[in-house]
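# Reading the structure
Single-letter residue listing:
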Amino acid sequence: MTKTGLTKTGMIDFRGVNKWFGSLNVLKDITLSVEPREVVVVCGPSGSGKSTLIRCVNGLETIKDGDLVVDGQRLGDPATNMTQLRTEIGFVFQAFNLYPHKTALENVTLAPIHVRKIPRAEAEKAGRELLAKVGLADKVNAYPAQLSGGQQQRVAIARCLGMRPKIMLFDEPTSALDPEMISEVLDVMVAVAEEGMTMMVVTHEMGFARKVAQRVVFMDAGAIVESGTPDEFFSHPKTDRSRAFLSKILRH
Amino acid sequence: MIWQQLQSLAGSYPLALRGLGMTVVLSLISLVLGTLLGFGLGILRTGGNRLISGLIGAWVDLIRGTPFLVQIFLIFFILPEFGIELDAFTAGIIALTNLAACFICEIVVAGIRSVPTGQVEAALASGLSRWQRMRQVVLPQAMRIVLPPLVGQYVLLIKDSSVVSAIGLTDLTRVGWLVVQRVPNGLLVFFLVGVGYFIVCYPLIMLARRLERRMGAAHGEVQL
Ligand SMILES: Nc1ncnc2c1ncn2[C@@H]1O[C@H](COP(=O)(O)OP(=O)(O)OP(=O)(O)O)[C@@H](O)[C@H]1O
Ligand SMILES: [Mg+2]
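Now for a quick tour of the structure.

### Concerning a nonpolar patch on the surface
All names here are of chain B. Together, Leu69, Val70, Phe73, Leu74, Phe77, Ile78, Phe82 and Ile84 give the surface a local cluster of nonpolar side chains, amounting to about 730 Å² of exposed area. Tracing the backbone shows Ile84 in the loop between α4 (68-78) and α5 (88-113). Ile84 gets classed as partly exposed once you look at its relative accessible area, which sits at 42%.

Written as structure tokens, this is what we have:
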């Protein structure tokens, strides 16, 4: 048990987190708590630190000071087994990052077989079910290069779900997609959210935020500037910076 | 006169076969060992431990930057000074394996570095261990970059094996030297020696060329 186990914590708990890239302070005194089953949408202008924020949660980036507690375990604590913790956290990348040398099904079953040590036959059965769930029952044996962007991203989501994670992180999952493919990916994300997954989603998709997010967090220049329900944030932004940002994304 | 020479050459046929056999055995053993060692070194070199990576880098540079003949002499004539007695065959295998490993290490490093970081991050994020990331995600993709120059390197190393004749191993090249003392027609003898090497190397040259073409086209798994 880490010392933070004594106080009540959320599923993801940032407390006064700071991060630098060289002399650039990319995360400034971030304090944010995400409750179990909560969906938090993170938005903000380019370079504001959104990716860095969620990449800290599964340790793709390390923090300089402050505390970051995920699923009761403090990151950077020698007692925390990062590899073990990562199995509980799914991460969906903007560029999908599917394994190009593996089929859709192999992408989904790789970690369950090798990390969770699930027997292959069982993992493949679960993998097929997951691919069917994201609407890709007929693409089980396709390689990523044979799939459209929207299909690849759905495989990537299935790949995360195959580990039965407690948390899912999404870094602009639809911004590399052609407009007509965005909704097929968002629909899958809505379904995942409705099943009670704890999620942090970097996205500018307001429709998605209004539908499933409990909270929208607005970042600018490495700091959380504003945070509120989707309705509060989109209809009554409180700061000049969020108003300027919203007027920009609403114009497209 | 030429007729006599050809007859006498035909008489050297068993010796030539022995030489060819020695060249093939030497090359094969050191290529297999050198490949294993080379991959190991390449993986360690990209593994993130500064000290290990630096040491391997320095060793590879040293071996690549010195003549193979000098390396073989050091192993065969200098090591015994320190109480390590080696027969010529073992010394030849060690020298060739080391040379192969160093060149292959560099090829493997280039292959590993060619895999996009997003791939490693995806593997990391799903909880794969360091070795699982390497084995399941990085190496299969690196192989596309590694295979064509790797086979090309095999050709170079088979030819480099001729240097072991300098420490008295009866390989194809040394057979050439022995025969030419009996049949004083250097042009003919060493032409035939050259043909011997070419017969061993040519299939590999063809394989390298095929791989090069295949790697350009393949998007999925590497299939030979
Ligand atoms: N590895 C890195 N090294 C140095 N600086 C970095 C690195 N990664 C990000 N940065 C910088 O950190 C800042 C925040 O980057 P981040 O990617 O988190 O922003 P973002 O909000 O996700 O932007 P975008 O909307 O463009 O994806 C930027 O100024 C970026 O240039
Ligand atoms: Mg980003």
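### Digging into the environment of Lys139 of chain A
Residues and elements named next belong to chain A. For Lys139, the location among the structural elements is in the loop between α4 (120-133) and α5 (149-161). Along the backbone, Lys139 and Leu105 are 34 residues apart, and their C-alpha atoms lie at a distance of 8.4 Å. Excluding residues within four positions of it along the chain, Lys139 makes contact with Ala104, Leu147 and Gln151.

### Brief notes about the packing of aromatic side chains
Residue and element names in this part refer to chain A. The full count for this structure, using the stated rule, is 8 aromatic pairs over all chains. Measuring from ring centre to ring centre gives 5.2 Å for Phe218 and Phe245, while their planes differ by 45°; the resulting arrangement is tilted. Here Phe218, found in strand β9 (residues 215-220), pairs with Phe245, found in helix α9 (residues 240-251); they are 27 residues apart in sequence, far enough to count as distant. Comparing Phe218 with Phe245, the two get one shared label, buried. Grouped by ring-pair contacts, the aromatic residues Phe218, Phe233, Phe234 and Phe245 constitute a single cluster. We note Arg159 situated over the ring of Tyr99; from NZ or CZ to the ring centre the distance is 4.6 Å.

### Focus: unusual backbone geometry
Residue and element names in this part refer to chain A. Of note in this structure, Phe96 is not a glycine but carries a positive phi near 65°. Within the secondary structure layout, Phe96 lies in the loop between β6 (89-92) and α3 (104-114). Owing to a relative accessible area of 11%, Phe96 belongs among the buried residues under this scheme. Positive phi outside glycine occurs at Asn97, with the angle close to 55°. Mapped onto the elements of the fold, Asn97 is located in the loop between β6 and α3. You can call Asn97 buried: its relative accessible area is 13%.

### A closer look at the site of ligand 1
All names here are of chain A. Looking at ligand 1, the residues that line it are Phe21, Leu24, Val26, Pro45, Ser46, Gly47, Ser48, Gly49, Lys50, Ser51, Thr52 and Glu172. Here an oxygen atom of ligand 1 and a backbone polar atom of Gly47 are 2.8 Å apart. Surface burial for ligand 1 is 58%, taken as the share of its 630 Å² of free accessible area covered by protein chains. Going through the elements one at a time, β2 (24-34) and α1 (50-57) are the ones with two or more residues in the shell around ligand 1.

### Considering the side chain of Thr198 of chain A
Residue and element names in this part refer to chain A. On the secondary structure map, Thr198 appears in strand β8 (residues 198-202). For Thr198, a relative accessible area of 2% gives the class buried. A polar side-chain atom of Thr198 sits 2.9 Å from the main-chain amide nitrogen of Arg37. Leave out the neighbours within four places in its chain, and Thr198 touches Met11, Val34, Glu35, Pro36, Arg37, Glu38, Lys166, Ile167 and Met168.

### So, the sheet that holds strand β5 (residues 73-74) of chain A
Residue and element names in this part refer to chain A. In space, the 4 strands of this open sheet follow the order β2-β1-β4-β5, with antiparallel pairing throughout. Every other strand in the sheet has two partners, leaving β2 and β5 as the edge strands with one partner each. Looking at chain direction, strand β1 (residues 12-21) and β2 are connected through 7 bridges and run antiparallel. Looking at the pairing, Val17 lines up with Ile30 of β2.

The rules behind these values
- Residues numbered from 1 in each chain as written.
- Chains lettered and ligands numbered in written order.
- Predicted model: local features only at pLDDT ≥ 70, side-chain atom pairs only at ≥ 80, totals over all residues.
- Heavy atoms only, no water.
- Patch = residues over 30% accessible without salt bridge, like charges linked within 9 Å, V, L, I, M, F, W, Y side chains within 5 Å.
- Areas by Shrake-Rupley, 256 points an atom, 1.4 Å probe, with all protein chains shown as cover.
- Salt bridge = Lys/Arg side-chain N within 4 Å of Asp/Glu carboxyl O.
- Helix = DSSP H or I, 4+ residues; strand = E, 2+ residues; numbered from the N terminus.
- Buried < 20%, exposed > 50% of the residue type's maximum accessible area, 1.4 Å probe, protein only.
- Contact = heavy atoms within 4.5 Å.
- Phe/Tyr/Trp six-rings, centres within 6.5 Å; stacked < 30°, edge-to-face > 60°.
- Lys NZ or Arg CZ within 6 Å of the ring centre and 35° of its normal.
- Near = heavy atom within 4 Å.
- Polar contact = N/O pair within 3.5 Å; in protein donor to acceptor, adjacent residues only side chain to side chain.
- Pairing = 2+ DSSP bridges.

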